[in-house]
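Listed below, chain by chain, are the residues.
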Amino acid sequence: MTSKRIEILVGAFVSLGIAAMVMLALQVADAGGAGNGETYILKAKFDNIGGLKVRSPVKVGGVVVGRVSSIELDPSDFSPVVSMEINQAYNQFPETSSLSILTAGLLGEQYLGLQPGFIDEDIEILAAGDMIEDTKSALVLEELIGQFLFSLKEDK
Amino acid sequence: MISFFQKVGANSLDNLGSVGRATFMLIGALVSKPTPIKSFPLLMKQIYMVGFLSLIIVVVSGLFIGMVLGLQGYTILVDFGAESSLGPLVALSLLRELGPVVTGLLFAGRAGSALTAEIGLMKATEQLSSLEMMAIDPLKRIIAPRFWAGVISMPLLATIFSAVGIIGGYLVGVKWLGVDDGSFWSIMQAAVDLEDIWNGLIKSIVFALVVTWIALYKGYDSIPTSEGISRATTETVVHSSLAILGFDFVLTAIMFGA
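No experiment lies behind these values; they were computed from the predicted model shown.

Scoring rules and cut-offs
Residues numbered from 1 in each chain as written. Chains lettered and ligands numbered in written order. Predicted model: local features only at pLDDT ≥ 70, side-chain atom pairs only at ≥ 80, totals over all residues. Heavy atoms only, no water. Helix = DSSP H or I, 4+ residues; strand = E, 2+ residues; numbered from the N terminus. Rg over C-alpha atoms; globule rule 2.2 N^0.38 Å. Buried < 20%, exposed > 50% of the residue type's maximum accessible area, 1.4 Å probe, protein only. Areas by Shrake-Rupley, 256 points an atom, 1.4 Å probe, with all protein chains shown as cover. Lys, Arg positive; Asp, Glu negative; His and termini not counted. Charge placed at Lys NZ, Arg CZ, Asp CG, Glu CD. Contact = heavy atoms within 4.5 Å. Buried area = accessible area lost by both parts, 1.4 Å probe. Salt bridge = Lys/Arg side-chain N within 4 Å of Asp/Glu carboxyl O. Polar contact = N/O pair within 3.5 Å; in protein donor to acceptor, adjacent residues only side chain to side chain. Nonpolar A, V, L, I, M, F, W, Y, C, P; charged D, E, K, R; others polar. Pairing = 2+ DSSP bridges. Domains from an automatic or database assignment. Core = buried A, V, L, I, M, F, W, Y, C linked by side-chain atoms within 4.5 Å. Patch = residues over 30% accessible without salt bridge, like charges linked within 9 Å, V, L, I, M, F, W, Y side chains within 5 Å.

### As for the overall build of chain A
Turning to step 1, where the next piece is worked out: Along chain A, the regular secondary structure elements total 2 helices and 8 strands.
Turning to step 2, where the next piece is worked out: Overall, chain A shows an N-to-C arrangement of helices and strands of α-β-β-β-β-β-β-β-β-α.
Turning to step 3, where the next piece is worked out: Relative to a compact globule of 156 residues, whose C-alpha radius of gyration would be 15 Å, chain A shows 23 Å and is clearly more extended.
Turning to step 4, where the next piece is worked out: Counting all 156 residues of chain A, 29% fall into the buried class.
Turning to step 5, where the next piece is worked out: On chain A, roughly 9700 Å² of surface is accessible, and the fraction owed to carbon and sulfur atoms is 58%.
Turning to step 6, where the next piece is worked out: Averaged over its 11 positive side-chain charges, chain A has a centre that lies 15 Å from the centre of its 21 negative ones.

### Thoughts on the interface of chain A and chain B
Turning to step 1, where the next piece is worked out: Facing the 21 residues of chain A at the interface are 26 residues of chain B.
Turning to step 2, where the next piece is worked out: Contact between chain A and chain B buries roughly 2100 Å² in total, counting both sides, with carbon and sulfur atoms accounting for 85%.
Turning to step 3, where the next piece is worked out: Of all residues in chain A, the largest losses of buried area upon contact with chain B belong to A:F13, A:L24 and A:V28, amounting jointly to 30% of the total for that side.
Turning to step 4, where the next piece is worked out: Our count for the chain A to chain B interface comes out at 0 salt bridges.
Turning to step 5, where the next piece is worked out: Linking chain A with chain B are 0 residue pairs in polar contact (both at pLDDT 80 or more).
Turning to step 6, where the next piece is worked out: For the side of chain A that touches chain B, the residue count by class is 16 nonpolar, 2 polar and 3 charged.

### Here we look at the pairing of strand β3 (residues 63-73) of chain A
All names here are of chain A.
Turning to step 1, where the next piece is worked out: One ladder, built from 4 bridges, connects strand β2 (residues 57-60) with β3; its direction is antiparallel. Its bridge partner lying in β3, K59 is registered against V64.
Turning to step 2, where the next piece is worked out: What sits between the antiparallel neighbours β2 and β3 is a turn of 2 residues, in which G61 has the positive phi angle 55°.
Turning to step 3, where the next piece is worked out: Bridge analysis of β3 against strand β4 (residues 80-87) gives 7 bridges, and the strand direction is antiparallel. By the bridge assignment for β4, I71 is matched with V82.

### Overview of the domain arrangement of chain A
Turning to step 1, where the next piece is worked out: When cut into domains, chain A gives domain 1 (1-31) and domain 2 (36-147).
Turning to step 2, where the next piece is worked out: A C-alpha centroid distance of 41 Å is found between domain 1 of chain A and domain 2 of chain A.

### Notes on the nonpolar core
Turning to step 1, where the next piece is worked out: Counting 72 residues, the largest nonpolar core has A:V28, B:I166, B:F184, B:M188 and B:V192 as its most contacted members.
Turning to step 2, where the next piece is worked out: In terms of residues, this core owes the most to one element, helix α6 (residues 138-176) of chain B, which gives 17 residues.
Turning to step 3, where the next piece is worked out: Every residue in contact with A:V28, bar those within four places of it in the chain, is listed here: A:M23, B:A91, B:L95, B:I166, B:W185, B:M188, B:Q189 and B:V192.
Turning to step 4, where the next piece is worked out: By size, the runner-up hydrophobic cluster in this structure holds 21 residues, among which are A:Y40, A:V58, A:I101 and A:I132.

### Observations concerning a negative patch on the surface
Turning to step 1, where the next piece is worked out: Together, A:E95, A:D120, A:E121, A:D122, A:E124, A:E133 and A:D134 line one region of the surface with negative charge.
Turning to step 2, where the next piece is worked out: Inspection of the secondary structure assignment puts A:E133 in the loop between β7 (131-132) and β8 (134-136).

### Let's talk about the sheet that holds β3(A)
All names here are of chain A.
Turning to step 1, where the next piece is worked out: Taken in spatial order, the 8 strands line up as β7-β1-β4-β3-β2-β6-β5-β8 in an open sheet, and their pairing is mixed. Both edges of this open sheet fall to β7 and β8, since each of them pairs with a single strand only.
Turning to step 2, where the next piece is worked out: Two strands pair when backbone bridges link them, and strand β1 (residues 39-45) and β7 are joined in this way by 2 bridges, in the parallel orientation. Across the sheet, A44 pairs through a bridge with I132, a residue of β7.

### Looking at unusual backbone geometry
Turning to step 1, where the next piece is worked out: Residues other than glycine seldom take positive phi values, yet A:F78 does so here, at roughly 55°.
Turning to step 2, where the next piece is worked out: Looking at where A:F78 falls in the secondary structure, it is placed in the loop between β3 and β4.
Turning to step 3, where the next piece is worked out: Of note in the backbone geometry, B:A135 takes a positive phi value of approximately 60° without being a glycine.
Turning to step 4, where the next piece is worked out: By the secondary structure assignment, B:A135 is in the loop between α5 (127-133) and α6.

Printed below as a string of structure tokens:
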């Protein structure tokens, strides 16, 4: 009888541990999250991706629609190519859409801002594997300061 | 001068010898053909002794450490208007460091010392020799289930510690001090990766191996007198605490250093 009680208590202990694990994974690390569900891949070429990382969010008007799945360097012209997994629920972006690398707050994480373009009769909808042509690179703070100092000198 | 070298030499040989004896003990305990039906109840009993009975101290200290982290973090972060970063502060410090390390220290004090004392007393009262007389290998009957129980229980305890600590930080930060509920969780979720949880788990598994191994060896190798057992118990706590802190630095350097 005591051994049964011990088994019940050990079972409770182990399930508590697993419950804590699940809570950490889901509530604290938010695994899965936007990752579940069907996605399709879009690509874009930038001059400079700044601090963009794999799993950085892709946002449209602040709403997360996908995540960066990989970042590679195009060996022919040495410019970074960013692949994004976009949620299949948002598959109506026209090819005139533009992508820019933005920063959350002054020092925050960088993310991709997707600006949907206009839709016209002869404008196609972006499909899986398509390239977004209109991209704006990350603002690199050092370059901005450099330009600013340079323009100060010219003014004198 | 010569006697100094002799002393150093004798000490080194002694230490090397105990490392060797500890390794043979572990190999003797673990290398055997598995007998799940016979050893499962023993393992259950030990998980109960080592894990379940440590639950209360782990939960209570986890809660209080989380609450203190929340309070301390808030008073500093609010100066910079960054109190919404309290979530990642609490979660990352618990998952990466405090969870495994503090649980390891508590585990060494609560369960490790008990293991050493129990086995030392078994040795003193010649229960181990009696087992051998009955052709039962004490390494497999006594040491092995305790070792596995420690290795299974400690990661679970560390996970529970971190989870409870985050809840404690949430209670103080959000419910008491008024950090925004949504940003507490969402900034935490943005900052914490699965890798952090995974690394904390690896740390706690390593600490579990170290602590239970030291505790079992100290008990098994103790001088079977009341003084010997008391010294063995002290050594267990001291050595495993030092080992935890040392290994923590090494593991942190490997995981986050590069």
